[in-house]
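Structural features, examined
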Amino acid sequence: MALFPAANEIGIATLVDRFYDKVRADEELGPVFNAAIHDWITHKQVLRDFWSSIVLRSGRYHGNPMGVHRALPAFGQQLFHRWLALWRETAREVFDASAAELFIGTAERVAQGLSMGIGHGRLNIDHPSRVLGPLHIAS
Ligand code: HEM
């Protein structure tokens, strides 16, 4: 049994918190994120706004994810797979199956857009989720 049966603000805050705690400690992802982000409180707040804009249509996010990722030092396609593996694991800890799938399918789609946009080409995702959030951001 996960913590939350459906997507809501407190669930999104929990997901974002747990996910970036794992990212920071991760051997592959940690160095990239820790080099770029010095204010984690603000970063997590931006990511809460991003997810609540997509999944709950709150309209709070006004950033440009493609521009932000293009400006980062180059990193390999493998990092996207690691990012998605941690995201899937955390989404399933925090949300029951159908809500978790919404966050997973949406992240896979955004990851595809970012990967194409920063020149890594299409990600080869095994069994991609078809469940998508309502808004199109960063594609
Ligand atoms: C290998 C995969 C990824 C890496 C290494 C990565 C890395 C980063 C880093 C380092 C930042 C902070 C940049 C800064 O503030 O200077 C960032 C911001 C962000 N990332 Fe990613 N990212 C990845 C994948 C994703 C995916 C799949 C999503 C969405 C599903 C995503 C969504 C965002 C958003 C919304 C921001 C904030 C942009 C803003 O400031 O408005 N990232 N990412």
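For the structure, see preceding data.
My aim in this report is to walk through the structure given alongside it, one point at a time.

Cut-offs used in this document
- Residues numbered from 1 in each chain as written.
- Predicted model: local features only at pLDDT ≥ 70, side-chain atom pairs only at ≥ 80, totals over all residues.
- Near = placed C-beta within 6 Å.
- Helix = DSSP H or I, 4+ residues; strand = E, 2+ residues; numbered from the N terminus.
- Nonpolar A, V, L, I, M, F, W, Y, C, P; charged D, E, K, R; others polar.
- Expected span 1.5 Å × (residues − 1).
- Buried ≥ 20, exposed ≤ 12 C-beta atoms within 10 Å, placed from the backbone.
- Arc of directions from axis to C-beta.
- Contact = placed C-beta atoms within 7 Å.

1. With respect to the site of the ligand
Near the ligand lie 20 residues; those nearest to it are Ala36, Gly63, Leu79, Val110 and Ala111. Those elements that provide at least two residues to the shell around the ligand are helix H2 (30–36), helix H3 (40–55), helix H4 (65–70), helix H5 (77–94) and helix H6 (97–117). Sorting elements by how many residues they give to the shell around the ligand places H6 first, with four residues. Class assignment of the residues belonging to the shell around the ligand gives a composition of 18 nonpolar, two polar and no charged.

2. A closer look at unusual backbone geometry
Of note in this structure, arginine 57 is not a glycine but carries a positive phi near 55°. Its location among the elements puts arginine 57 in the loop between H3 and H4. With phi around 45°, histidine 127 is a residue other than glycine that occupies positive phi space. Within the secondary structure, histidine 127 is located in the segment after H6.

3. Side note on H5
Between the first and last C-alpha of H5 there are 26 Å, a value that for 18 residues agrees with the 26 Å anticipated at 1.5 Å per step. For H5, every residue scored as buried is listed here: Trp83, Trp87, Thr90, Ala91 and Val94. Down the axis of H5, the sector holding all buried residues measures 100°, keeping them to one side. Where the residues of H5 are buried, they touch helix H1 (9–25) and H6.

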